[in-house]
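Spelled out from the first residue to the last, the chains are:
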Amino acid sequence: MNTPNTAIMQSIEQLNYRVTVGDVATKSGLDLNIVQKELLKLAEDTNGNLQVADTGDIAYLFPKNFRSILNNKYWQLRFKQWLDKTWQIIFYLIRISFGILLVSSIVLMLIAIVVIVVAVNSKGDDNNNNSSRRGGGGFFFFPRFWFSPDIFWIFTPDYQQKRYQRQLSNSAENELNFLESIYSFLFGDGNPNPYLEDKRWRNITTVIENNNGAVIAEQLAPYLDNINDYNEGDEGYVLPVLTRFNGYPEVSEKGEIIYYFPELQVKAEARKKASISPYLKENLWTFSLASSSQKVLAIVLGAVNIVLALILGSLLTPEIAQEIGGFILFMEFLYPLLLTYAISYFTIPLIRYFWLQNRNNKIQERNYYREQKANILNSSKQLELKINYAQKFANQTIISQENLAYSTEKDLLDQQLELKDKIDEEWRKRLGE
């Protein structure tokens, strides 16, 4: 059984529970056909009502507690909410585990090296060497941050929510903690454009809505890709938009094409123009959101880790492991994993660095072409005339309470009485004339 679409439910709430297909498609950027099917299903599941205007257009009215109704009806929704919370905790534990592993690796190898050195030297002069080796405890060190107040808050699993705050703000309060910074140094902080396609379609529908449902191709170009694959004058890149939102082309006397979207012109209420970026701008991938000091610390600890791994490898022979036994035998078994981690600690970020350079170059190229399209749109007088022609097809149909022909909120008898009253009123007007 398919669960309700989250984006559609959010759109209904943001639009105050009374919507049309065009309203929700504009707000969410989803395909019109998908929206229509989902709204009908939601209305059925939540006892929503259909309001039919005398033009035949339909508005959907949902109860304000429709999300609670759906949660009670679909166990999948409840399970998904629980799974999302659980995954946040699991993912955060995975993130901090790499920092814990780094510190543990350093500590374990330090202890193993000291144990081996002490055991080897104790053969010659056990008492003197043991005391001198124990006196060299300065070789052990724990970073000061390990004992800082961070220990009380580093295990908060709301990383995904904080991530966007950190991208928008450089303040100290949004800084990564130590364990997070190790993962960030190794693997980065995720896709900086996680909802790019959703944003693209929402921008396109906003442009259409701001122009009352009628636009030209050049108004959509700053939000689309692969435009340069088409020859100049070829507007084939608009086809995905027409298919998604049931748009229609119209040719002017001069042979110019405009596009209008009848279903996006039908609204449950009048809406103001929304602000929008002049073009779709992708964010560049960052190597790490960790601060400079945290990056330096991560590099220093990684260097210490790999040096200790090399020293331990030179000391850890099978004969010594068998002779000392216990902990050293365990370290002999663990050593290949520790060495692999020490090498990967620098290999992974190095590979990722060059991969990000290539990826960011492509992003900058796409941003440049979109910005160029936006600049052309704002500076061309010819396009201004074309936009003015498109406005001949601009329209906004509002489904108000006054122009309703039918509503499932009322029973059949009420509908018949209202219809009879309308007919009587119409006859009185005609007789009066």
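Structure: above.
In short, a report on the structure.

What counts, and at which threshold
- Residues numbered from 1 in each chain as written.
- Predicted model: local features only at pLDDT ≥ 70, side-chain atom pairs only at ≥ 80, totals over all residues.
- Heavy atoms only, no water.
- Helix = DSSP H or I, 4+ residues; strand = E, 2+ residues; numbered from the N terminus.
- Buried < 20%, exposed > 50% of the residue type's maximum accessible area, 1.4 Å probe, protein only.
- Contact = heavy atoms within 4.5 Å.
- Areas by Shrake-Rupley, 256 points an atom, 1.4 Å probe, with all protein chains shown as cover.
- Pairing = 2+ DSSP bridges.
- Core = buried A, V, L, I, M, F, W, Y, C linked by side-chain atoms within 4.5 Å.
- Expected span 1.5 Å × (residues − 1).
- Arc of directions from axis to C-beta.
- Polar contact = N/O pair within 3.5 Å; in protein donor to acceptor, adjacent residues only side chain to side chain.
- Phe/Tyr/Trp six-rings, centres within 6.5 Å; stacked < 30°, edge-to-face > 60°.
- Lys NZ or Arg CZ within 6 Å of the ring centre and 35° of its normal.
- Salt bridge = Lys/Arg side-chain N within 4 Å of Asp/Glu carboxyl O.
- Axes fitted to C-alpha atoms, helices over the stretch in contact; angles between N-to-C directions.
- Parallel < 35°, antiparallel > 145°, perpendicular 65-115°, else oblique.
- Nonpolar A, V, L, I, M, F, W, Y, C, P; charged D, E, K, R; others polar.

## Structural notes on the overall build of the chain
For the chain, the count of helices and strands is 15 helices and nine strands. Within the chain, buried positions represent 40% of all 433 residues. Excluding contacts between residues fewer than 6 apart, the proportion of contacts in the chain whose partners are at least 24 apart in sequence is 74%. In the form shown here, the chain has an accessible surface area of approximately 24900 Å², with 56% of it arising from carbon and sulfur atoms.

## Observations concerning the sheet that holds strand 3 (residues 58-61)
Ordered by their spatial adjacency, four strands build an open sheet running 1-3-2-9, and the pairing between neighbours is antiparallel. Each edge of the open sheet carries a strand with a single partner, namely strand 1 (18-19) and strand 9 (404-407). Two elements, strand 2 (residues 49-53) and strand 3, share four bridges in a ladder whose sense is antiparallel. Pairing of Gln51 across the sheet is with Ala59, part of strand 3.

## Some points on the nonpolar core
By size, the foremost hydrophobic cluster in this structure holds 42 residues, and its most contacted members are Ile12, Leu39, Ile204, Leu220, Val241 and Phe261. If we ignore the near neighbours within four places in the chain, the residues touching Ile204 are Leu220, Tyr223, Leu224, Val241 and Phe245. Counting 32 residues, the second-largest nonpolar core is a separate cluster that includes Val103, Leu312, Leu316 and Met331.

## Section: the pairing of strand 5 (residues 248-251)
Walk down a regular strand and you will see the side chains alternate between the two sheet faces. Note that strand 5 and strand 6 (residues 257-260) share four bridges and pair antiparallel. Each residue of the ladder has a partner; that of Tyr248, found in strand 6, is Tyr260. The turn linking strand 5 back onto strand 6 is made up of five residues, and Gly255 within it adopts a positive phi angle of 85°.

## As for helix 3 (residues 32-46)
The end-to-end C-alpha distance of helix 3 is 21 Å, a good match for the 21 Å that 15 residues give at a rise of 1.5 Å each. Along helix 3, the residues that are buried comprise Leu32, Val35, Glu38, Leu39, Leu42, Ala43, Asp45 and Thr46. Along the axis of helix 3, the buried residues cluster in a sector spanning 165°; they form a single face. Of the exposed residues in helix 3, those oriented more than 90 degrees away from the buried face are Lys37 and Glu44. Between a side-chain oxygen at the N-terminus of helix 3 and the backbone nitrogen of Asn33 the separation is 2.8 Å; the capping residue is Asp31. In the segment just after helix 3, Asn47 is the residue with positive phi, at about 60°.

## Remarks on helix 2 (residues 21-28)
Because each turn of an α-helix spans 3.6 residues, side chains separated by three or four positions end up pointing in the same direction. The buried count for helix 2 comes to seven of eight residues, which makes it a mostly enclosed element. For helix 2, the set of buried residues is Val21, Gly22, Asp23, Val24, Ala25, Thr26 and Ser28. Looking at the residues trailing helix 2, positive phi occurs at Gly29, about 80°.

## Considerations on the packing of aromatic side chains
Scanning all chains against the criterion turns up 21 aromatic pairs. Their ring planes at 80° and their centres at 6.4 Å tell us that Phe91 and Tyr183 sit as a pair that is edge-to-face. On the criterion of sequence distance, the pair formed by Phe91 in helix 5 (residues 75-135) and Tyr183 in helix 7 (residues 178-187) is long-range, its members being 92 residues apart. If you follow Arg244 out to its NZ or CZ, it ends over the ring of Trp201, 4.4 Å from the centre. Across from the ring centre of Phe287, 4.3 Å away, lies the NZ or CZ of Arg352, which sits over that ring.

## Here we look at unusual backbone geometry
A positive phi angle, near 70°, is found at Tyr17, a position not held by glycine. Tracing the backbone shows Tyr17 in the loop between helix 1 (6-14) and strand 1. Note on Tyr17: relative accessible area 15%, which makes it buried. The phi dihedral of Asn246 is positive, around 50°, even though this residue is not glycine. Summarising the element assignment, Asn246 is placed in the loop between helix 10 (239-245) and strand 5.

## A short note on the pattern of salt bridges
With the rule as written, the count across this model stands at 15 salt bridges. Notably, a salt bridge pairs Asp45 with Lys73, separated by 3.1 Å at the nearest N-O pair. Of the two residues, Asp45 is situated in helix 3 and Lys73 in helix 4 (residues 66-73); the sequence distance between them amounts to 28 residues. Glu269 is the partner of Arg271 in a salt bridge, and the nearest nitrogen-oxygen pair spans 3.6 Å.

## Comments concerning the sheet that holds strand 5
If you trace the three strands from one edge of the open sheet to the other, you get 4-6-5, paired in antiparallel fashion. The sheet is open, and its two borders are formed by strand 4 (214-215) and strand 5, each paired with just one other strand. Packing against the sheet, helix 14 (residues 381-390) makes contact with strand 4, strand 5 and strand 6, and its axis sits at approximately 40° to strand 6.

## Considerations on the packing of helix 3 against helix 4
Following both chains from N to C, one finds helix 3 and helix 4 inclined at 80°, their axes separated by 9 Å at the closest point. Comparing their axes, helix 4 and helix 3 come out roughly perpendicular. Here Leu42, Asp45 and Thr46 of helix 3 lie close against helix 4, whose contacting residues are Phe66, Ile69, Leu70 and Lys73. Tallied by class, residues from the contact of helix 3 with helix 4 come to four nonpolar, one polar and two charged.

By themselves these figures say nothing about function.
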